[in-house]
Amino acid sequence: MYKTRESRDGRDHSPERLDIPRRTPRTKEESEHYARYAWAATRVRGDVLDIACGTGYGARLLEPHARVTGVDRDTEAVKLACSRAAGKFLVAEVPPIPFTADAFDFVVCFETVEHISDDDAFIREIARVLRPGGQLLISTPNQAVSAPDGVPVNRWHVREYTLASLTELVERAGLDVRGTYVQGFRPRIARGHRIAWRLQGLTWTRSGFVRSAMRAFLGDAEVHPLSGQDSPPGFWLVNAVVRR
């Protein structure tokens, strides 16, 4: 996850970065990022490209199920990824994506598209490197929650998306949306969110039944199919397939 332009105030040029050095997440953000990769790990196979792979915590979850290649703009993050996960990792700014056409069966792109100035070119590049029938797994913040007036709260984000605008972006690039998903619901307890998310992270070592039972109290970071939601989700996730 990284920025591709200067922050709006122009003062800080360091990339937005999140790392999960432990096997269990400890914060809201770590829980959400971990959950996305855990969700993706149940779907990927073959050759997988992890865009904005960061320090490799996600690739480590994907690698038991697929051959992982990662790309990120940050040299130090890529070095760490090489030490954490099997696979190939390289430094590059995207777009363009530095691989030949039809190179991958899956592309995983979490919390990245909102950082890209030319999002159309970016998604077209993803479609280009996917094989016929290849799949994109993509996530992005829900504009209605994190940018209700149209201006993202996160200064590294160029824009944010509604589900309709994300779907339209993906379909313009020649992919068909096969599944839409939601993620990111706060704990229902009135106070102590930080402690709740720490405990929520520990539930990843437990069964799905235990995690489900604890969601209402500890917050829900897991990825769910889109359905009638009690509250707006923090994030949209889309599974799309190359049309050609």
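Residue positions are given per chain, counting from 1 as you read along its sequence in written order. Residue-level local features of this predicted model are given only where pLDDT is at least 70; pairs of side-chain atoms are given and counted only at 80 or more, and the full residue set underlies all totals for whole chains, interfaces and linings. Side-chain figures throughout are based on the complete set of non-hydrogen atoms in the structure, without hydrogens or water.

K.L.:
Explain unusual backbone geometry here, please?
P.N.:
Excluding glycine, residues mostly have negative phi values, and the peptide bonds linking residues are mostly trans. With an omega of -10°, the peptide bond between Val94 and Pro95 qualifies as cis. Secondary structure is summarised from DSSP: a helix means a run of H or I of at least four residues, a strand means a run of E of at least two, and numbering begins at the N terminus for each. On the secondary structure map, Pro95 appears in the loop between β3 (88–91) and β4 (104–110). Between Pro95 and the following residue, Pro96, the backbone shows a cis peptide bond with an omega angle of 0°. Mapping Pro96 onto the fold places it in the loop between β3 and β4. Phi at Ala52 takes a positive value of approximately 60°, unusual for a residue other than glycine. Its location among the elements puts Ala52 in the loop between β1 (47–51) and α2 (57–62). The class for Ala52 is buried, based on a relative accessible area of 4%. For Asp102, which is not a glycine, the phi torsion comes out positive at approximately 60°. Its place among the elements puts Asp102 in the loop between β3 and β4. Using a 1.4 Å probe on the protein chains alone, a residue whose accessible area is under 20% of its type maximum counts as buried, one over 50% counts as exposed, and one in between counts as partly exposed.

K.L.:
What exactly am I supposed to notice about the nonpolar core here?
P.N.:
Grouped burial of nonpolar side chains is what soluble globular proteins tend to show. One finds Ile51, Phe122, Ile123, Ile126, Leu136 and Leu175 to be the most contacted residues of the largest nonpolar core, which totals 34 residues. Of all the secondary structure elements, the ones that give two or more residues to this core are β1, β4, α4 (119–129), β5 (130–141), α6 (163–172), β6 (175–183) and β8 (235–242). Sorting elements by how many residues they give to this core places α4 first, with 5 residues. The residues touching Ile123, leaving out its near neighbours within four places in the chain, are Val113, Ile138, Leu169, Val170, Ala173 and Leu175. The term nonpolar core refers to a set of buried residues drawn from Ala, Val, Leu, Ile, Met, Phe, Trp, Tyr and Cys, joined through side-chain atoms within 4.5 Å. Contact criterion: two residues are considered in contact whenever any of their non-hydrogen atoms come within 4.5 Å of each other.

K.L.:
When you look at the side chain of Asp50 in this model, what are you seeing that I'm missing?
P.N.:
Position of Asp50 relative to the elements: it lies in strand β1. Polar contact is the term for a pair of N or O atoms within 3.5 Å; when the atoms are in protein, one must be able to donate a hydrogen and the other to accept it, and sequence-neighboring residues count only if both atoms are side-chain atoms. Of the polar contacts made by the side chain of Asp50, one reaches the side chain of Tyr37; its length is 2.8 Å. Look past the residues within four positions of Asp50 in its chain and what remains in contact with it is Tyr37, Gly58, Ala59, Val68, Thr69, Gly70, Val71 and Val108.

K.L.:
Looking at this structure, I do not really get the sheet that holds strand β7 (residues 224–225). What am I missing?
P.N.:
Should DSSP find at least two bridges between two strands, the strands are regarded as paired. One open sheet holds the 8 strands; their spatial order is β3-β2-β1-β4-β5-β8-β6-β7, and the pairing between them is mixed. The two strands at the open ends of the sheet, each matched to only one other strand, are β3 and β7. Every angle, taken between N-to-C directions, lies between 0 and 180 degrees, and every axis is a line fitted to C-alpha atoms, over only the stretch in contact when it is a helix. Helix-sheet contacts for helix α3 (residues 75–84) involve β2 (67–72) and β3, and the interaxial angle to β3 is about 170°. With respect to the sheet, α4 is in contact with β1, β4, β5, β6 and β8, its orientation differing from that of β5 by roughly 145°.

K.L.:
Help me understand the packing of aromatic side chains in this model?
P.N.:
The relative placement of two aromatic rings is captured by the distance of their centres and the angle of their planes. Aromatic rings from Phe, Tyr and Trp, with only the six-membered ring used for Trp, were paired whenever their centres fell within 6.5 Å, and each pair was classed as stacked if the ring planes differed by under 30 degrees, edge-to-face if by over 60, and tilted otherwise. Inspection of every chain in the model, using the stated rule, returns 5 aromatic pairs. Geometrically, the ring pair formed by Tyr37 and Tyr57 is edge-to-face, given 5.7 Å between the ring centres and 80° between the ring planes. Remark: Tyr57 occurs in helix α2 and Tyr37 occurs in helix α1 (residues 28–41); sequence separation between them is 20 residues. Each member of the pair, Tyr37 as well as Tyr57, carries the same accessibility label: buried.

K.L.:
In this structure, what is going on with the pattern of salt bridges? I would like to understand it.
P.N.:
Two side chains bearing opposite charge may form a pair once their charged atoms approach each other closely. Any Lys or Arg side-chain nitrogen located within 4 Å of an Asp or Glu carboxyl oxygen qualifies as a salt bridge. Under the definition given, this model contains 12 salt bridges. The partner of Arg131 in a salt bridge is Asp47, with the nearest N and O atoms 3.0 Å apart. Within this pair, whereas Arg131 is found in strand β5, its partner Asp47 is found in strand β1, the two being separated by 84 residues in sequence. Owing to a relative accessible area of 18%, Asp47 belongs among the buried residues under this scheme.

K.L.:
Quick question: what am I supposed to make of a nonpolar patch on the surface here?
P.N.:
Patch membership is restricted to residues that have no salt bridge and whose relative accessible area is over 30%. Joining uses 9 Å for like charges and 5 Å for the nonpolar side chains Val, Leu, Ile, Met, Phe, Trp and Tyr. To measure how exposed things are, a 1.4 Å probe is used in the Shrake-Rupley method; for residues, cover is taken only from the protein chains shown. Taken together, the side chains of Ile195, Leu199 and Leu202 make up a nonpolar region of the molecular surface, amounting to roughly 290 Å² of accessible area. Take Ile195: it is sitting in helix α7 (residues 193–202).

K.L.:
Got a minute to help me understand α1 in this structure?
P.N.:
Since the α-helix packs 3.6 residues into each turn, any two residues three or four apart lie on the same face. A helix is expected to reach a length of 1.5 Å times the quantity of its residues less one. With 14 residues, α1 ought to run about 20 Å at 1.5 Å a step, and its terminal C-alpha atoms sit 20 Å apart, in line with that. In terms of burial, α1 is a largely internal element, 11 of the 14 residues being buried. All of the buried residues in α1 are Glu30, Ser31, Glu32, His33, Tyr34, Ala35, Arg36, Tyr37, Trp39, Ala40 and Ala41.

K.L.:
Help me out: how do you make sense of the pairing of β6 in this one?
P.N.:
Remember that side chains alternate between the two faces of the sheet whenever the strand is regular. As defined by bridge partners, β6 adjoins β8 across 8 bridges and the pair is classed as antiparallel. Across the sheet, residue Asp176 finds its bridge partner in β8, namely Val241. With 2 bridges joining them, β6 and β7 adopt antiparallel strand pairing. Paired with Val182 across the two strands is His224, which belongs to β7.

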